[in-house]
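# Chains, contacts and geometry: an overview
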Amino acid sequence: MNLLRTFVVGLFSVFCLQFVDAQVAVSVSKKKTVIEGKTYYLHTVKQDETLYSISKAYNIQQKDIIFNNPGALESIRVGEELKIPEKTDNAAAKTQLESAQFIYHIAEQGQTVYSLMQKYHLTQEELYKQNPELEHSPLQVGQVVTIPKQNSKPSDADNGFRIHEVQKRETLFSIAKTYNLSVNQLMDANPEINSRSQDLRVGQKIKIPLPDLKPIGIPVEISQTDTVIVRKDLEEDTVECVPVTQNNFKIAMLLPLFLSDNAAAVSDTSITKDTQGRYVRKDGTYWISPHSETALEFYQGALLAIDSLNRLGLNSKVYVFDTMRDTLEVQKILSKPLMKEMDLIIGPFHTELVDKTARFAAENHIFYVSPTALNIESVKNSPYLIQVTTGTMSTVAPTMDIISQQRDSIRVVLIGNKSETDQTLFHAYHNKLKTILPDSLISTYQFKVDSLKTPPEYLQKKKKNVVIVTATDEVFITIIAAHLNASTRDYPVNLYGLSVWTNFINLDPEYLHNVEFRFATPYYIDYTRKEVLRFLQQYRKYYATEPNLNKQGSYSLLPVQHAFLGYDILFFFGSAVKLYGKDFGHCVSHFRLPALQSDFHFTKINSTGGHINSNLNIYRYTKNYKVVQEKKIEN
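Overview of the structure.

Conventions we followed
- Residues numbered from 1 in each chain as written.
- Predicted model: local features only at pLDDT ≥ 70, side-chain atom pairs only at ≥ 80, totals over all residues.
- Heavy atoms only, no water.
- Helix = DSSP H or I, 4+ residues; strand = E, 2+ residues; numbered from the N terminus.
- Buried < 20%, exposed > 50% of the residue type's maximum accessible area, 1.4 Å probe, protein only.
- Contact = heavy atoms within 4.5 Å.
- Areas by Shrake-Rupley, 256 points an atom, 1.4 Å probe, with all protein chains shown as cover.
- Phe/Tyr/Trp six-rings, centres within 6.5 Å; stacked < 30°, edge-to-face > 60°.
- Lys NZ or Arg CZ within 6 Å of the ring centre and 35° of its normal.
- Polar contact = N/O pair within 3.5 Å; in protein donor to acceptor, adjacent residues only side chain to side chain.
- Expected span 1.5 Å × (residues − 1).
- Salt bridge = Lys/Arg side-chain N within 4 Å of Asp/Glu carboxyl O.
- Axes fitted to C-alpha atoms, helices over the stretch in contact; angles between N-to-C directions.
- Parallel < 35°, antiparallel > 145°, perpendicular 65-115°, else oblique.
- Nonpolar A, V, L, I, M, F, W, Y, C, P; charged D, E, K, R; others polar.
- Left-handed = near helix turned anticlockwise from the far one by under 90°.
- Arc of directions from axis to C-beta.
- Core = buried A, V, L, I, M, F, W, Y, C linked by side-chain atoms within 4.5 Å.

What follows deals with the overall build of the protein. Secondary structure summary: the protein contains 18 helices and 27 strands in total. Here the protein, with 635 residues, has 52% of them falling under the buried criterion. Long-range contacts, defined here as pairs at least 24 residues apart, represent 69% of the contacts in the protein between residues at least 6 apart. Accessible surface computed for the protein: about 29100 Å², of which carbon and sulfur atoms make up 49%.

Here it is as structure tokens:
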């Protein structure tokens, strides 16, 4: 898994990274020197300049400055002279040779098969045809890749398209999913395709709309309420939720980066460092500790949000600390005098670290956002704690609301996996069903995967069968979905389940569409939204890879992409601080901002506690192969 991004050399060596005002004016130095044949600027650091602002001025990455100036890992000082590598405009031209028929591309550091496909507008099959070795081993630095010249430029690029050649067993649905598009978008770009049959021929060339290069550009929308009076903790005074427009603020991010796990790779003889300081296996693939993956994804999304906020005029200092999921380490971080200056604390991720951080936040009147931990009791007793995660149990009530509206025309079949140790969700559904339907309309079953009954044994023909399945095992769900799909000709059936199913590799999406699968979730990414496409484009550009899906969130069975979560949290709360200042948390219930993965609607849990995210939506797979939002819930 390629999770070692281009900036990792700095991240894995530094305890605290600081990003500040992107608008600081930095003058490019006229002094140059040549060291071992390479040209460097000699830049003298001036007041208020930072790694971020200097890297922007010289149009290079921060890790390039850190690599050439090891002392910059800890800090940079006014008057210090930095070696800044010169970025040559013709660098790209040096990485390829041309013949009459082919371009011979010399692979650079950080390039992947995917990035070459995008650069030269090739399909994977076209690239593998000329370079069969790429199908069996990763692209390596210095490797020569043969690019067919006739394909090196897209014939329709100027019109906003690339060309895809249809392969065996590909459908419009599978192609749309590959390019993060909807089937309707593909149909609009290819009107020659029959809208009813949607048939494709092997070898057929279809147009793929290209996303534009604009910024992510999520609009900031604020509640129309001008002034709201709320209680402030347990004190008698009140606070008014009126805009104060704070443009400078400090954020502390406490993340389980496990830097020491990655540093330990130095002693592993099978892992070496490349010229840019990144850990590489002998086969050329990048290495990173599995413990670091989730936090790194979150951090990368957060960096993109910080960049977006800077463009909106919010000058931020962001301090990143490695918690290593260790209570003593968290205590050391919280004891730093700097922490009392924060306007916002985000993290740590893990439940066992929440209370310690929440107490510090309350003592110092700093609002604290818990991104992934789920601990209702902590929220009840911590007025400055804001919890983003909502558990799987929260999906029961909205599902029952929809079922209760159909109670006169349905019967419910509740199915659980007898092999699963946690039966809490199954019993929660069963208890709730008994309050809205008579026993005669409820059938419950507990199956094992090797003894599943077939639908005729539990479905009826006279009424619509609403089948609720609380299982999480992929094999179990795949078999049931296949059975129900085959039964739709003879039995009226709808399927209700969990959002984590949507990421099961072996579960055919067509089955879910045929049974109009419904699921409740706070997390859902609409890949047809232009903001989502722009985020993906920027993520690929800066990190040369795709955001990875953690199918099961750390503390629930709600699928969450941590890169999107990092962006949404930083952008939401950064915007809230910009509007309301450090006391934004007293007004967070009235703050609205559209997000990429989950719109946040925070509700105060009780008069003395903190806030919890109450946003939950129900989505439905339709028979015409769309996924639509059926109901929006704010508890």
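Glancing now at the packing of aromatic side chains. Inspection of every chain in the model, using the stated rule, returns 26 aromatic pairs. On the numbers, 5.3 Å between centres and 25° between planes, the contact of F517 with F519 is stacked. By the burial criterion, F517 is buried, and F519 matches it. Ring centres 6.2 Å apart and planes at 50° place the aromatic pair F519 and Y524 in the tilted group. According to the relative accessible area criterion, F519 is buried, its value standing at 2%. Exposure remark for Y524: the relative accessible area of 25% places this residue in the partly exposed category. Through a chain of ring-to-ring contacts, three or more aromatic side chains come together here, namely F367, Y384, F572, F573, Y580, F584, F591, F600 and F602. Over the ring of Y491 we find K461; its NZ or CZ atom is 5.6 Å from the centre of that ring.

Here Q423 lies in the loop between β19 (410–417) and α14 (424–436). Sequence-wise, Q423 and A471 are 48 residues apart; in three dimensions their C-alpha atoms are separated by 9.0 Å. If we skip the residues at most four places from it in the chain, Q423 touches N417, K418 and Q446. Among the polar contacts listed, one links the side chain of Q423 to the backbone oxygen of E420, at a separation of 2.5 Å.

Turning our eyes to something else, we now look at helix α15 (residues 474–487). The end-to-end C-alpha distance of α15 is 20 Å, a good match for the 20 Å that 14 residues give at a rise of 1.5 Å each. Of all the positions in α15, only F476, I477, T478, I480, A481, L484, N485 and S487 are classed as buried. As for α15, its buried residues are in contact with β19, β20 (442–447), β21 (464–469), β22 (493–497) and α16 (509–514). Its side-chain oxygen placed 3.3 Å from the backbone nitrogen of V475, D473 serves as the N-cap of α15.

Applying the stated criterion across every chain yields a total of nine salt bridges. In this structure, the salt-bridge partner of E630 is R620, at a minimum N-O distance of 2.7 Å. Here the residue E630 occupies a position in strand β27 (residues 627–634), and R620 occupies one in strand β26 (residues 615–621), the gap between them amounting to ten residues. Here the residues in one salt-bridge network are E516, R518, R620 and E630, joined through shared partners.

Relative to each other, helix α17 (residues 530–543) and helix α18 (residues 562–580) sit at 110°, their axes nearing to 12 Å. Accordingly, the angle class assigned to the pair α17 and α18 is roughly perpendicular. Seen from α17, the contacting residues are V532, F535, L536 and Y539; seen from α18, they are A563, F564 and Y567. In terms of residue class, the contact of α17 with α18 is built from seven nonpolar, no polar and no charged.

The next subject is the packing of helix α9 (residues 293–311) against α17. For any two helices packed against each other, the geometry is given by the interaxial angle and the distance between the axes. Packing of α9 against α17 leaves a shortest axis separation of 11 Å and a crossing angle of 110°. One element, α9, and the other, α17, form an angle in the roughly perpendicular class. Every pair of crossing elements has a handedness; the one defined by α9 and α17 is right-handed. Touching E297, Q300, G301, L303, L304 and R311 of α9 are F535, Q538, Y539, Y542 and Y543, all from α17.

Attention shifts here to helix α11 (residues 354–363). A turn of α-helix holds 3.6 residues, and therefore any two residues three or four places apart point the same way. Those residues of α11 not exposed but buried are V354, T357, A358, F360 and A361. Along the axis of α11, the buried residues cluster in a sector spanning 160°; they form a single face. Residues of α11 that are buried in the fold lie against α10 (327–334), β16 (344–346), β17 (368–370), α12 (376–380) and β18 (385–387).

A few words now on the nonpolar core. Residues M253, M339, I569 and F573 are the most contacted members of the largest nonpolar core, which totals 78 residues. Examining the composition of this core, we find that 13 residues originate from one element, α18, more than from any other. The contact partners of M253, leaving out residues within four places of it in the chain, are F298, Y299, A302, V318, Y319, V320, F321, I346 and L570. The next biggest cluster of nonpolar side chains, apart from the first, holds 51 residues, and it includes I480, F519, A520 and Y621.

All right, on to the environment of S499 then. Tracing the chain through its elements places S499 in the loop between β22 and α16. Looking at S499, the relative accessible area reads 2%, which means it is buried. Through-space distance from the C-alpha of S499 to that of A520 is 6.7 Å; in sequence the pair is 21 residues apart.

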